Amino acid sequence: MADDGLISHKRDPIKSSVGNAAAQRRRQHAVTVGKERREALMRTKRLCRVGVSGNSDDASLDDGDMMVENDQSVLEARTSSAVEELKLAVAYQGKGATQKRVNALRDLRRLLSKSEFPPVEAALQAGAIPLLIQCLSFSSPDEQLLEAAWCLTNIAAGKPEETKALFPALPLLVAHLGEKSSVHVVEQCAWALGNVAGEGEELRNVLLLQGALPALARMMLPNKRSTVRTAAWALSNLIKGPDPRAATELIKIDGIPDGIVRNLKKGDDELATEVAWVIVYLTALSNVATTILAKSNLVQVLVEILAMSSSLQLLIPVLRSLGNLVAGDNHITNVLVAGHEITDNAIQALVKCLKSEHRILKKEAAWVLSNIAAGSVEHKRLIYSSEAMQLLLNLLSTAAFDIKKEVAYVLGNICVAPAEGSGRPNVILDHLVNLVRGGCLTGFVVLVRSADVEAAKLGLQFIELVLRGMPNGEGPKLVEREDGIDAMERYQFHENEELRCMANELVDKYFGEEYGLDE
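Keep in mind it's a predicted model, so treat the numbers as computed, not measured.

Draft legend 1. Quick look at the overall build of the chain. Scanning the chain for helices and strands turns up 31 helices and two strands. Burial analysis of the chain (519 residues in total) assigns 56% to the buried set. Pairs at least 24 residues apart make up 73% of the contacts formed inside the chain by residues separated by at least 6 positions. Of the roughly 22000 Å² that the chain leaves accessible, carbon and sulfur atoms contribute 51%.

Here you go:
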C-alpha cells in the first residue's frame, strides 16, 4: 500500500521557486539520523554495567569502580578462563549445579561489564555463545537467565562481527520477552535485542521475522518506567528502517499510540527521550503512523515539552518529531497548526530554541519553522509577526552554513503563497519587501556562491523572487548591488543543468542588453 511506504515528498504547496525540500531531505535521511548525532554510539548500542534488577550483588557497580588491566592480554586470558569455568559448570549435573552455573556466569559477566574495554573477542573465541544459549533454556532459574542475558547484552554491544555472533541466540532472547518470564529477565533480553537491532538492517530484518516487534511493543504498555524505557530504546533501533513496514506495524498495535503519548507526557526526561526517538522514526517513515499520531494530542504534548524542558537530549528528538508531523500532507498540517493558540505556542517554543547556545537546536528549530512556513498564508503571517523573524535574519548572516540553509528555507517560504495549478508562486509583497530591507538578500547571494547545490538553488529561487516581486522594478538594482549578477554568471557553464538554466534565464531576462539603458 502507498501509505506504508517511505514518505518521499513533503507537503509542497509551492510548486516552483522557494519550495520546502528541507523536510523531504530529512525524511530521506531518517534512516541515518543516528549516525549524525554526537551520541550515536550511545543511542545505538549500550553496554550494561548495572543490572536491571537493582538488587544484584553488583549494585555497587555504579560507584565507578572499573576493572582496568594494564595488559589487555591478561584480561583476555581471564575471560578465556571464565568461559572454560562456565563450560565445566554447564556440564556439571551434581549437587549445587544451578548455583555453580550462576557463579560462572556472574564471573564472565563481570569481565564483560566492568572492564574499560570489554574482552568480547576473547569470550567468543573461547566458545561463550553456545554455553550462554544453553543457560537461556526455559525452566532455568531467573538468576541464571538474567546473568546469561546480561552477558549476551554486552557481547552485542561490541563490534559488528561480534554482534552478529548472537544470531543463534536471537530466538531464545525473543521468546523470553513473553509473559511467562520475570520482569527483569524480559528487560535484560530487550536490552540485548536493542543492541542487536542497532547493528544494522540485516539483523533488524531477522528480529522482525522472529517476532521481536510485537513482543517489545507489549513492554510499552505497562507503567513500569525502566521496562518502558528499555523497550522504547530497543524499538527505536528496530524500526529505524530503511524499510518502513516495521514502523507501520508498530503503530497499528492496540494501545501503542496511547502508550506513546502517555509515556511521553508523564515520563521523566530520560524516559521521554527514548519515547520521542520512537516518534521520530514513526513519523519519518510511515504515513500511517503520522496520520494516527496526528489525531491524538501529541503535537500539544511536544510543544509543551519544547517550551518547558532544558534537556538537550530530549529537545532534539522532540524537535524532529514536531517537524515530521508538520511535514505531513496539507490535511494533517491544517489539523495540527491551523489553530492560533497551538501555533503561537509552538513558535514561542521554537524561538527559545533559536536563542539556544546549542547549534543543533538552532538548526532543528529552523527546520521545523520552515515546515510551518510552507503551510497556509496564515501560518506565514504568524511567523512573520513573531520574535522569530529578527532571530532568523541574524542567523542567516552569522550562523554556520548548515543553519543558514535551514533559515533560508523559512525566509523563502514566508515570502510566497502557493499559486493555482503549477504556476509560479505568488509573492507576499509586504513580507518580501521588509525582509529584503532587513538585509536578507546578502545571505541568499552567499548561498548562490556556495558549492552546495541545494543551497545554491535556494539562493537562485530567492533572487528570482526579488527580481520579479520587488516594487517599482528595483529588484535588478538590488541584486546588482549585492554582486548577484556575478554570482549567477558563475553558473553559465556549470555541470548542473538545473542550476545552469536557472541562472542563465535570470541573467538573460533581467540583465540583458537593454539593462541600464534607461538611466
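So, next bit.
Draft legend 2. Representation of the environment of arginine 101. Secondary-structure assignment places arginine 101 in helix α4 (residues 97–113). With sequence-adjacent residues up to four places away left out, arginine 101 is seen in contact with Leu86, Ala89, Val90, Tyr92 and Gln144.

Draft legend 3. Structural context of the pattern of salt bridges. On inspection of all chains with the given rule, the structure shows 24 salt bridges. As a salt-bridge pair, arginine 381 and aspartate 430 come within 3.3 Å of each other at their nearest N and O atoms. With arginine 381 in helix α23 (residues 377–384) and aspartate 430 in helix α26 (residues 429–437), the pair connects residues that are 49 residues apart, well separated along the chain. Judged by its relative accessible area of 34%, aspartate 430 falls in the partly exposed class.

Draft legend 4. How the structure looks around the nonpolar core. Ranked by internal contacts, the top residues of the largest apolar core, which has 170 residues, are Leu132, Leu173, Leu264, Leu282, Leu411 and Phe462. Counting residues per element, this core draws most heavily on helix α16 (residues 269–285), at eleven residues.

Draft legend 5. A look at the packing of aromatic side chains. For the structure shown, the criterion picks out two aromatic pairs. Ring centres of tryptophan 277 and tyrosine 281 lie 6.4 Å apart, and the angle between their planes is 35°; on these two criteria the pair is classed as tilted. Of this pair, tryptophan 277 and tyrosine 281 both sit in helix α16, separated by four residues, roughly a single helical turn. Across the pair, exposure class does not vary: tryptophan 277 and tyrosine 281 are buried alike. On the basis of an interplanar angle of 10° and a centroid distance of 3.8 Å, the ring pair of phenylalanine 444 and phenylalanine 462 is categorised as stacked. Here the residue phenylalanine 444 occupies a position in helix α27 (residues 440–448), and phenylalanine 462 occupies one in helix α28 (residues 453–469), the gap between them amounting to 18 residues. What makes phenylalanine 444 buried here is its relative accessible area of 0%. Relative accessible area serves as the criterion here: at 0%, phenylalanine 462 is assigned to the buried category. Directly above the ring of tryptophan 150 sits arginine 109, whose terminal nitrogen or CZ lies 3.9 Å from the centroid.

Draft legend 6. The UniProt feature "repeat: ARM" (unreviewed entry) in the chain, seen in detail. UniProt's entry tags residues 211–238 and 345–387 with the feature "repeat: ARM" (unreviewed entry), counted in the numbering of this structure. The span residues 211–238 is 75% helical and 0% strand by assignment, and the distance between its end C-alpha atoms comes to 11 Å.

Draft legend 7. Region of interest: helix α31 (residues 497–510). When the terminal C-alpha atoms of α31 are compared, their 20 Å separation across 14 residues agrees well with the 20 Å that a helix rising 1.5 Å per residue should span. Of all the residues in α31, the buried ones are Leu499, Met502, Ala503, Leu506, Val507 and Tyr510. Buried residues of α31, viewed axially, fall in a sector of 120°; they line one side. Among the exposed residues of α31, those pointing more than 90 degrees away from its buried face are Glu497, Glu505, Asp508 and Lys509. Looking at the buried positions of α31, the neighbouring elements they touch are α28, α29 (475–481) and α30 (484–489). For α31, the capping residue at the N-terminal end is asparagine 496, with a side-chain oxygen 3.1 Å from the backbone nitrogen of glutamate 498.

The rules behind the values
Residues numbered from 1 in each chain as written. Predicted model: local features only at pLDDT ≥ 70, side-chain atom pairs only at ≥ 80, totals over all residues. Heavy atoms only, no water. Helix = DSSP H or I, 4+ residues; strand = E, 2+ residues; numbered from the N terminus. Buried < 20%, exposed > 50% of the residue type's maximum accessible area, 1.4 Å probe, protein only. Contact = heavy atoms within 4.5 Å. Areas by Shrake-Rupley, 256 points an atom, 1.4 Å probe, with all protein chains shown as cover. Salt bridge = Lys/Arg side-chain N within 4 Å of Asp/Glu carboxyl O. Core = buried A, V, L, I, M, F, W, Y, C linked by side-chain atoms within 4.5 Å. Phe/Tyr/Trp six-rings, centres within 6.5 Å; stacked < 30°, edge-to-face > 60°. Lys NZ or Arg CZ within 6 Å of the ring centre and 35° of its normal. UniProt positions renumbered as here; feature names shortened; annotations may be inferred. Expected span 1.5 Å × (residues − 1). Arc of directions from axis to C-beta. Polar contact = N/O pair within 3.5 Å; in protein donor to acceptor, adjacent residues only side chain to side chain.

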